[in-house]
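Residue-level structural notes
Below, each chain spelled out in residue letters.
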Amino acid sequence: MTMNGRTDEAAIALIQTATMPLEAEQQVLGAVMIDSSTAPRLLARIKPHDFSKHAHMLIWDAVADLYTRQEPIDLLTVIDTLRIRGTLDDAGSESYVSELIACTPTASHAAYYGRRVLESSIRRQLMAAAQDIYKAAGNTHLDLTDLFAQTNEQINKVSTLR
């Protein structure tokens, strides 16, 4: 099956790219390192898996670890945590982590950046559920009652993330 002349996979990849708010992710990370008072509210809502870029997941996990240990959250402590964990290169290097602060216009908009990260995460999870539903619907050996049950379960799981 195709959508507008593209294969399903290509169309899905295009949609997924549109739901990867890399700038918002960078600005959330930068905001927390600029002003650590933004961390509690953001950490309460945003989890590492909400980031679309693996490097951002690693950095957010380091921020969460620092917060949990009640240690300062800033550029140096985040870089040190990543270095100690052996994940600094996977997080994009010391210069990339530094760039996160440079690309953040202000920490005062951290809640807005966080909402964008969360909304995109939920959209990606909804797309993944839709792909699973699409594949299950093509399975003619699956009973329709079971298909509807699986569909409802997947949609409800994503809807509880709001």
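Before any of the text, the structure's been laid out above.
What comes next is a walk through the structure. What you are looking at is a predicted structure, and each value in this text was computed from that prediction instead of being measured.

Observations regarding the packing of aromatic side chains
The full count for this structure, using the stated rule, is two aromatic pairs. Note on F51 and W60: the rings are 5.4 Å apart at their centroids and 45° apart in plane angle, and the pair reads as tilted. The class for F51 is buried, based on a relative accessible area of 1%. Residue classification places W60 among the buried positions, given a relative accessible area of 0%. Between Y112 and Y113 the ring centres are 6.1 Å apart and the planes differ by 65°, which places this aromatic pair in the edge-to-face class. The exposure class of Y113 is buried, given its relative accessible area of 4%.

A few points about the pattern of salt bridges
Under the defined criterion, the tally for this structure stands at six salt bridges. Taking the shortest distance from any N to any O, the salt bridge between D80 and R83 comes out at 3.2 Å. A residue pair is termed a helical-turn pair when its members lie 3 or 4 positions apart in one helix, as D80 and R83 do in helix 5 (residues 75-85) at three residues. For D80, a relative accessible area of 39% corresponds to the partly exposed category. Taking relative accessible area as the criterion, R83 reaches 43% and is therefore assigned partly exposed. The closest approach of N and O atoms between E94 and R83, which form a salt bridge, is 2.7 Å. Here R83 lies in helix 5 and E94 lies in helix 6 (residues 93-102), a separation of eleven residues in the sequence. The partly exposed category is assigned to E94, whose relative accessible area is 41%. Look at the salt bridges and you will find they share partners, linking D61, D65, R69, E71 and R85 into a network.

Brief notes about the nonpolar core
Formed by 31 residues in total, the largest nonpolar core has its most connected members in V28, I46, I59, W60, V78, L82 and V97. Put simply, the parts of the chain that give this core at least two residues each are helix 2 (22-34), helix 3 (39-45), helix 4 (54-68), helix 5, helix 6 and helix 7 (110-137). For W60, the contacting residues outside a window of four places in its chain are V28, L29, V32, L42, L43, I46, K47, P48 and F51.

Things to note about the packing of helix 4 against helix 5
Between helix 4 and helix 5, the least distance of the axes is 9 Å, while the angle of their chain directions is 105°. Judged on the interaxial angle alone, helix 5 and helix 4 are roughly perpendicular. Contacts between helix 4 and helix 5 involve L58, I59, D61, A62, V63, D65 and L66 from the first element and T77, V78, T81, L82 and R85 from the second. When grouped by side-chain class, the residues that make up the contact of helix 4 with helix 5 number seven nonpolar, two polar and three charged.

Thresholds, definitions, all that
- Residues numbered from 1 in each chain as written.
- Predicted model: local features only at pLDDT ≥ 70, side-chain atom pairs only at ≥ 80, totals over all residues.
- Heavy atoms only, no water.
- Phe/Tyr/Trp six-rings, centres within 6.5 Å; stacked < 30°, edge-to-face > 60°.
- Buried < 20%, exposed > 50% of the residue type's maximum accessible area, 1.4 Å probe, protein only.
- Salt bridge = Lys/Arg side-chain N within 4 Å of Asp/Glu carboxyl O.
- Helix = DSSP H or I, 4+ residues; strand = E, 2+ residues; numbered from the N terminus.
- Core = buried A, V, L, I, M, F, W, Y, C linked by side-chain atoms within 4.5 Å.
- Contact = heavy atoms within 4.5 Å.
- Axes fitted to C-alpha atoms, helices over the stretch in contact; angles between N-to-C directions.
- Parallel < 35°, antiparallel > 145°, perpendicular 65-115°, else oblique.
- Nonpolar A, V, L, I, M, F, W, Y, C, P; charged D, E, K, R; others polar.

These figures capture arrangement, not role.
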